[in-house]
Amino acid sequence: MKQNDRKEYIAVTGGIGSGKSTVMHMIADLGYPVLSADAAARNIYEKPDVRAAVVGAFPECADAAGNPDRKLLAGIVFSDKKRLDELNAITHPAIMRSLFAEAEKADGKFVFFEIPLLFEGGYENLFDRVIVVMRDKSARIRAVSERDGLTESEVGARISNQFDYEKKCDFGHTVIYNEGDISSLYTRVREVVNEIISEKG
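All values reported here derive from a predicted model rather than from experimental measurement.

### Focus on the overall build of the chain
Scanning the chain from N- to C-terminus turns up eight helices and five strands. Ordering the α and β elements of the chain from the N terminus gives β-α-β-α-α-α-α-β-β-α-α-β-α. Taking 17 Å as the expected radius of gyration for a compact globule of 201 residues, we find that the chain reaches 18 Å, a close match to that expectation. With respect to the three principal axes, the spread of C-alpha positions in the chain is 50 × 45 × 30 Å. Each of the 201 residues in the chain was classed as buried or not, and the buried ones make up 41%. Taking as baseline every contact in the chain between residues at least 6 positions apart, the subset at least 24 positions apart corresponds to 73%. Accessible surface for the chain amounts to roughly 10,900 Å². Of this, 48% is attributable to carbon and sulfur atoms. Distance between charge centres in the chain, computed from 27 positive and 32 negative side chains, equals 1 Å.

### Examining the pattern of salt bridges
As enumerated under the stated definition, the model contains six salt bridges in all. Notably, a salt bridge pairs arginine 147 with aspartate 148, separated by 3.0 Å at the nearest N-O pair. Judged by its relative accessible area of 55%, arginine 147 falls in the exposed class. Residue classification places aspartate 148 among the partly exposed positions, given a relative accessible area of 36%. Via salt bridges that share partners, Glu60, Arg83 and Glu86 belong to a single interconnected network.

### What about the pairing of strand S1 (residues 8-14)?
Counting buried positions over the seven residues of S1 gives seven, a clear majority of the element. Side chains Glu8, Ile10, Val12 and Gly14 of S1 all project onto a buried face; the interleaved residues Tyr9, Ala11 and Thr13 project onto the opposite face, where all are buried too. Where S1 meets strand S3 (residues 110-114), five bridges bridge the pair, whose relative direction is parallel. Its bridge partner being in S3, glutamate 8 is matched across the sheet by phenylalanine 110. Looking at chain direction, S1 and strand S4 (residues 129-134) are connected through five bridges and run parallel. Bridge pairing in S4 places valine 12 opposite isoleucine 131.

### Things to note about the sheet that holds strand S5 (residues 174-177)
Paired through their backbone hydrogen bonds, the strands of a sheet run either parallel or antiparallel. With parallel pairing, five strands are arranged side by side in an open sheet as S2-S3-S1-S4-S5. This sheet does not close on itself; its edge strands, each paired only once, are strand S2 (34-36) and S5. Between one strand axis and the next, the sheet turns through 25° on average, direction left out of account. Its contacts with the sheet put helix H8 (residues 182-200) on S1, S3, S4 and S5, and the angle it makes with S5 is roughly 165°.

### Some words on H8
Taking 1.5 Å per residue, 19 residues should reach 27 Å; H8 reaches 27 Å between its end C-alpha atoms and fits that length. Turning to H8, its buried residues are Leu185, Val189, Val192, Val193, Ile196 and Ile197. For H8, the arc enclosing every buried residue in end-on projection is 135°, short of the 170-degree limit, so these residues lie on one face. Seen from the buried face of H8, the exposed residues on the opposite side, beyond 90 degrees, are Ser183 and Ser198.

### A short note on helix H5 (residues 81-104)
Between its terminal C-alpha atoms H5 stretches 33 Å, which fits the 34 Å expected from 24 residues at 1.5 Å a residue. Structurally, H5 contributes buried residues whose contacts are with S1, S2, helix H2 (37-42), helix H3 (48-57), helix H4 (70-77) and S3. Regarding H5, its N-cap is aspartate 80, as a side-chain oxygen of that residue lies 3.1 Å from the backbone nitrogen of lysine 82 further along.

### Examining the layout of surface pockets
Of the voids in this model, the second largest pocket is the one considered here, and its volume is about 160 Å³. Lining of the second largest pocket is provided by ten residues; of these, Lys137, Ile159, Ser160, Asp164 and Glu166 occupy positions nearest its centre. Looking at the lining of the second largest pocket, the elements that each hand over two or more residues are helix H6 (137-148) and helix H7 (152-160). Residue classes in the lining of the second largest pocket are distributed as three nonpolar, two polar and five charged.

### Let's talk about the packing of helix H1 (residues 20-29) against H8
Where H1 contacts H8, the axes come no closer than 10 Å and their chain directions differ by 60°. Classified by the interaxial angle, the pair formed by H1 and H8 is oblique. Considering only the axes of H1 and H8, their crossing is right-handed. Between H1, through Thr22, Val23, Met26, Ile27 and Asp29, and H8, the contact on the second element is made entirely by Ile182, Leu185, Tyr186, Val189 and Val193. Looking at the contact of H1 with H8, its residues break down into eight nonpolar, one polar and one charged.

Scoring rules and cut-offs
- Residues numbered from 1 in each chain as written.
- Predicted model: local features only at pLDDT ≥ 70, side-chain atom pairs only at ≥ 80, totals over all residues.
- Heavy atoms only, no water.
- Helix = DSSP H or I, 4+ residues; strand = E, 2+ residues; numbered from the N terminus.
- Rg over C-alpha atoms; globule rule 2.2 N^0.38 Å.
- Buried < 20%, exposed > 50% of the residue type's maximum accessible area, 1.4 Å probe, protein only.
- Contact = heavy atoms within 4.5 Å.
- Areas by Shrake-Rupley, 256 points an atom, 1.4 Å probe, with all protein chains shown as cover.
- Lys, Arg positive; Asp, Glu negative; His and termini not counted.
- Charge placed at Lys NZ, Arg CZ, Asp CG, Glu CD.
- Salt bridge = Lys/Arg side-chain N within 4 Å of Asp/Glu carboxyl O.
- Pairing = 2+ DSSP bridges.
- Axes fitted to C-alpha atoms, helices over the stretch in contact; angles between N-to-C directions.
- Expected span 1.5 Å × (residues − 1).
- Arc of directions from axis to C-beta.
- Polar contact = N/O pair within 3.5 Å; in protein donor to acceptor, adjacent residues only side chain to side chain.
- 1 Å grid on protein atoms, 1.4 Å probe; cavity = no way out; pocket = protein on both sides within 12 Å on 5 of 7 lines; lining within 4 Å.
- Points joined across faces, edges and corners; volume = space filled by probe spheres on them.
- Nonpolar A, V, L, I, M, F, W, Y, C, P; charged D, E, K, R; others polar.
- Parallel < 35°, antiparallel > 145°, perpendicular 65-115°, else oblique.
- Left-handed = near helix turned anticlockwise from the far one by under 90°.

By themselves these figures say nothing about function.
Shown next, in the form of structure tokens:
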């Protein structure tokens with residue numbers, strides 16, 4: 001998907017509640033363009049080919065206008081992994097194409113992408129560098145519980161169904177440990193970004 005060899009594409013990923021979005025805000029504050037897979041996903045059904053493919057695969061979720069009903073879709077796919085994989089197979093490639101098209105128009109050589117499902121989708125090889133944000137599981141549970149109004153057991157269940165960063169990945173990637181205060185995290189983010197720029201610049 002990468003079309004312009006002059007640009008360097010850096011993915012930022014990590015588990016739910018790890019602090020990915022905070023890290024991305026810090027990178028933006030340092031002056032670099034940042035893109036979000038979640039933001040791209042919010043508009044993905046506006047693309048006619050994606051809309052048609054989703055309605056074709058999930059006709060029971062089409063509204064009166066023939067558009068995918070996100071609430072109905074969520075009710076189906078989050079209780080059936082096979083259907084979730086089916087939906088992801090349609091939407092994820094479209095989301096990545098959208099992100100890379102946007103990245104080509106970004107100013108500067110370095111573009112940072114927030115990709116929550118990077119490893120699950122097998123997209124890590126599309127990037128020049130991967131940054132993994134790590135955080136203690138209990139802290140992640142507390143953060144998501146407070147943010148989304150969920151019980152800690154509900155958050156724990158979501159985490160248990162996601163990619164296990166602690167046990168399943170032998171990282172050959174840059175890791176940012178989000179274990180201190182905001183100031184410490186910002187210092188580490190700046191160090192990592194400066195390291196990437198000096199190495200790739």
